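Listed here are the chains, written in short residue letters.
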Amino acid sequence: MTLHPELLERLFTTMVRIRRFDEKTTELFNAGLVKGTAHSYVGEEAVAAGACANLRPDDAIVGNHRGHGHCIAKGARIDLMMAELMGRATGYCKGLGGSMHIAALDLNIFGCNGIVAAGVPIGAGAALASRIRKSDRVVIAFFGDGGANQGVIHEAMNITAVWRLPLIFLCENNQYALSTASDRTTAGGIAARAAGYGIPGVRIDGNDVLAVYETVAQAVERGRAGQGPTLVEAVTYRWGGHSMRANLPDYRTKEEELEWMMRDPIARLESRLVEERLVPAPRLKELREQVESELDRAVAFATASPEPTVELMEASVYAPHVRVSEPAVRTGREITFAQALNEALHQEMRRDPRVFVMGEDVGLIGGIFGVTRGLREAFGEDRVRDTPISEATFLGMGVGAAAAGLRPVVEIQIFDFVTLTMDQIVNQAAKFRYMLGGTPTVPLVIRGPQGGGIRLAAQHSQSLEAWFVHVPGLVVIAPSTPYDAKGLLAAAIREDNPVIFLEHKVLYAQKGPVPEGEYAIPLGRADVKRAGTDVTVVAWQAMVQRALAAAADLAQEGVSVEVIDPRTLAPLDEETILGSVAKTGRLVIAHEAVKRGGFGAEVAALVAEKAIDCLDAPIARVAARHVPMPYNDSLERATIPTQQDIVEAIRGLI
């Protein structure tokens, strides 16, 4: 391959800029200006420089915790990066992300990541967005030899190979995962693993920037041509320890470190450029001086920049919620809860071509509860995708596709399986906007069935809403009627924040009136299902119908019960709940999840903190027994709260 002098100068300058940035970062860390920690890329510069030199501005990358080099190679400004490392408001992430989370969406840098290998599914999602848009954009996902042993790497190689996505898996094998040598943790060669997925796998000298450039050029060409992913293992070496904070005992010999320093990627390129008269030495000296001047200006800019405010921090968690108006008329045909969800999906997919659905068995059979039935026939396999059983990765791909501008709806077939995806929900989706300074949006819906009542036992019957309400950045929706299900799912798909959309299994067959036309329901607005004056019952999902039945029974005894369905648990309509308690003076909270740590405790705390003077009796909670869900049908009925349990709780307050 013939390389133009301009490209050679750019490769050299990029490597020098990366090295000097991280050397300066070490100085600033020791001086107390860079806090927390940072992970030096010194010694590995050839990998990012050679790889990213093949990319167009519209191509994307995802980095890892050692990501300064990735960002600089993709074109990030070092003044904004330095400001971020100092925690300043002028940084790429406004001081909220720091070293491990730098991103620049305007440059299609989809973030570095503090969780090992977690960025790879996000990169795969960005590659999926490219495929759905029928674009020839490619994505490079950087990860280390330690990350190569994470399950999401294997899942992502499988799914991108099956779907022929334009993703380059670039493993920077610096031979140590923190302190443990890769030959003690990794069976077989990393590049050799590609054969198991039917994709090319190449092992190269990661300290030879020209070898990296040429190898990645072939992978990029393959990706642009629609031929699928490539795995590149670049063997390199980090000169320093795992991080600037790590005060660890020596785990490498001085002889080994010196041997690798003699293979300095910058010195190797510089010698070749001068010896082969490709770029003269004075020009290289000039380029180094330019980098020094740029770095001095970056440090001065960062040092003089203001720190972020609490107001900026709190405003960065959520994007503005979708603005919709609830219909004045709620009448319509009687259809089931599942059919109502299906109508919402059809409605939103017709309305917005960016909406797509993926999950296990959502396409060909339309989901095991029929919620996605007919979507594949109406919108095609590009927008209705049956996935492998790889929850962590296909959910992470939803995060990446959302960040890339699409609006994914990801089905978790049984919501207990969400435990396999918690990193991508809690550490990625929920924090993505915040860690990137409150700028990006993550319009992702994660939906599926939870709850018991159909004898599926302990691993298929949990009610987990409290987990997600606890996490800043997530919206949590839990409808109880077909009308609410259709309108709230439509709103969730239009929402610019990640949404956990919980559907109770026993409600799927429940029928109710649903308008035929398009509509959406505002988030954070409770619904008074029954007005009353003596006691307030707050209930959601399957407990709403039981609360209404309990209220009807007690009405015959002269007890007037108001039943409030929050519908959205986060954001919560506090005003409606507090207003009702102020009127009735009594509160019962009913939910199917176990009582300890359940969301009912949060509602009780809300009322205790803001309306305790209105209460004429203690707050009562009705919830499941503190046991996993049993298989035996009699025991399951004994575990889940009943209508009679709610009646007795109300009587106890009157």
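Just so it is clear, the structure is predicted and the values come from calculations on it, not from any experiment. Just so you know, the residues in each chain are numbered from 1, in the order the chain's sequence is written. Predicted model: local features are reported for residues with pLDDT of at least 70 only, side-chain atom pairs are reported and counted for 80 or more only, and whole-chain, interface and lining totals are derived from all residues. Side-chain calculation: all heavy atoms of the structure are included, whereas hydrogens and water are not.

### Re the overall build of the protein
Point 1. A count of helices and strands for the protein gives 22 helices and 21 strands.
Point 2. Overall, the C-alpha framework of the protein stretches about 100 × 50 × 45 Å when taken along its three principal axes.
Point 3. Counting the 654 residues in the protein, one finds 60% classified as buried.
Point 4. A sequence separation of at least 24 residues applies to 81% of the contacts in the protein between residues at least 6 apart.
Point 5. As displayed, the protein offers around 24800 Å² of accessible surface, 51% of which is attributable to carbon and sulfur atoms.
Point 6. The positive count covers Lys and Arg only, the negative count covers Asp and Glu only, and His and the chain ends enter neither. Every charge is mapped onto a representative atom, which is NZ of Lys, CZ of Arg, CG of Asp or CD of Glu. One finds the centroid of the 67 positive side-chain charges in the protein at a distance of 2 Å from the centroid of its 79 negative side-chain charges. Only DSSP runs of H or I with at least four residues qualify as helices, and only runs of E with at least two residues qualify as strands; both kinds are numbered from the N terminus onward. Between buried and exposed lies partly exposed: a residue is buried under 20% and exposed over 50% of the maximum accessible area for its type, with that area taken using a 1.4 Å probe on protein chains only. Any two residues whose heavy atoms approach within 4.5 Å are treated as being in contact. Note on areas: Shrake-Rupley with a 1.4 Å probe; residue coverage comes only from the protein chains shown.

### Brief notes about the nonpolar core
Point 1. Counting 131 residues, the largest nonpolar core has M82, I140, L170, I425, F468 and I500 as its most contacted members.
Point 2. Apart from residues no more than four positions distant in its own chain, I140 is found in contact with A51, L55, A60, I61, V62, I168, L170 and V216.
Point 3. Nonpolar cores were defined as sets of buried Ala, Val, Leu, Ile, Met, Phe, Trp, Tyr and Cys residues, with membership established by side-chain atoms within 4.5 Å. In terms of nonpolar packing, the next biggest core, distinct from the first, is built from 38 residues, F337, L345, V371 and F501 among them.

### Points about the pattern of salt bridges
Point 1. By definition here, a salt bridge exists when the distance from a side-chain nitrogen of Lys or Arg to a carboxyl oxygen of Asp or Glu is within 4 Å. Throughout the structure, instances matching the rule amount to 46 salt bridges.
Point 2. For D264, the salt bridge is made with R19, and the minimal N-O distance between the two is 3.0 Å. You can see D264 sitting in the loop between α8 (254-261) and α9 (265-275) and its partner R19 sitting in helix α1 (residues 5-30), a full 245 residues away along the chain. Each of the two residues, D264 as well as R19, counts as buried.
Point 3. Here the salt bridges share partners, and the residues they tie into one network are E326, R330, D484, D527, K529, D565 and R567.

### Describing the pairing of strand β9 (residues 355-359)
Point 1. Counting buried positions along β9 yields five of five residues, so the element is predominantly enclosed.
Point 2. On β9, burial covers both faces: V355, V357 and G359 on one face and F356 and M358 on the other are all buried.
Point 3. At least two bridges found by DSSP between two strands are what make those strands a pair. Relative to strand β11 (residues 407-411), β9 is paired through five bridges, and the arrangement is parallel. Bridge pairing in β11 links G359 to E411.

### Brief notes about unusual backbone geometry
Point 1. The step from A570 to P571 runs through a cis peptide bond, and the omega angle for that step is 5°.
Point 2. Structurally, the position occupied by P571 is in the loop between β19 (568-570) and α19 (574-584).
Point 3. Phi is positive for K134, close to 60°, though the residue is something other than glycine.
Point 4. Note on placement: K134 falls in the loop between α5 (119-132) and β2 (139-144).
Point 5. What makes K134 exposed here is its relative accessible area of 68%.
Point 6. Backbone geometry places R455, a non-glycine residue, at a positive phi of 60°.
Point 7. Along the chain, the position of R455 falls in the loop between β12 (445-450) and α16 (465-469).

### Regarding the environment of G69
Point 1. Structurally, the position occupied by G69 is in helix α3 (residues 68-73).
Point 2. Through-space distance from the C-alpha of G69 to that of I412 is 36 Å; in sequence the pair is 343 residues apart.
Point 3. Those residues in contact with G69 that sit more than four places away from it in its chain are I18, Y41 and A48.

### Re the pairing of strand β18 (residues 561-565)
Point 1. Most of β18 sits out of view: five of its five residues are buried.
Point 2. Alternating positions in β18 separate into two faces, V561, V563 and D565 on one and E562 and I564 on the other, with burial throughout.
Point 3. Pairing between strand β16 (residues 527-530) and β18: three bridges, direction antiparallel. Bridge pairing links R530 to V563 in β18.
Point 4. Since strand β17 (residues 535-539) and β18 lie parallel, the crossover through helix α18 (residues 542-555) that links them has a hand, and here it is right-handed. The handedness rule is simple: strands pointing away from the viewer, and a clockwise path from the first strand over the helix to the second, make the crossover right-handed.

### Here's the deal with the sheet that holds strand β1 (residues 60-62)
Point 1. One open sheet accounts for five strands, arranged β1-β2-β3-β7-β6; its pairing is parallel. Each edge of the open sheet is held by one strand with a lone partner, namely β1 and β6 (201-205). Strand after strand, the sheet turns through a mean of 20° between neighbouring axes, direction not considered.
Point 2. In terms of strand pairing, strand β3 (residues 167-173) meets strand β7 (residues 230-235) through six bridges, oriented parallel. By the bridge assignment for β7, N173 is matched with V235.
Point 3. Each of β1, β2, β3 and β7 touches helix α2 (residues 45-52); the most contacted strand, β2, lies at about 170° to it.
Point 4. Helix α7 (residues 209-224) contacts β2, β3, β6 and β7 of the sheet and is inclined by roughly 160° relative to β6. Working convention: axes come from line fits to C-alpha atoms, limited for helices to the stretch in contact. Angles between N-to-C directions cover 0 to 180 degrees.

### Looking at the packing of α19 against helix α20 (residues 599-610)
Point 1. Contact geometry for α19 and α20: axes closest at 11 Å, N-to-C directions at 65°. Helix-helix and strand crossings are classified by hand; for α19 and α20 the assignment is right-handed. Taken together, the residues of α20 that come into contact with α19 (itself represented by E574, I577, L578 and V581) are V603, L606, V607 and K610.
Point 2. In terms of residue class, the contact of α19 with α20 is built from six nonpolar, no polar and two charged. Handedness of a crossing follows from how the near helix is turned relative to the far one, being left-handed for an anticlockwise turn of less than a right angle and right-handed for a clockwise one. Side-chain classes are defined by residue name, with Ala, Val, Leu, Ile, Met, Phe, Trp, Tyr, Cys and Pro counting as nonpolar, Asp, Glu, Lys and Arg as charged, and the others, Gly among them, as polar.

### Observations concerning empty space enclosed by the protein
Point 1. In the cavity and pocket records, a cavity denotes points on a 1 Å grid over the protein atoms alone where a 1.4 Å probe fits but cannot get out, a pocket denotes an open set with protein on both sides within 12 Å along at least 5 of 7 lines, and lining residues are residues with an atom within 4 Å of a point. Grid points are joined across faces, edges and corners, and a volume is the space filled by probe spheres set on the points. One pass over the full model with this rule turns up three cavities of 30 Å³ or more.
Point 2. In this structure, the largest cavity occupies an estimated 50 Å³ of space.
Point 3. Lining the largest cavity are H101, F110, G111, C112, N113, G119, I122, Q428, F432, M435 and L436.
Point 4. Those elements giving two or more residues to the lining of the largest cavity turn out to be α5 and α15 (422-435).
Point 5. Sort the elements by how many residues they give to the lining of the largest cavity and α15 lands first, with three residues.
Point 6. Split into classes, the residues belonging to the lining of the largest cavity amount to six nonpolar, five polar and no charged.
Point 7. Its volume calculated, the second largest cavity comes out at about 40 Å³.
Point 8. Surrounding the second largest cavity, G366, G367, I368, F369, G370, V371, E411, Q413, R447, P449 and Y508 form its lining.

As far as function goes, none of this settles anything; it's purely spatial.
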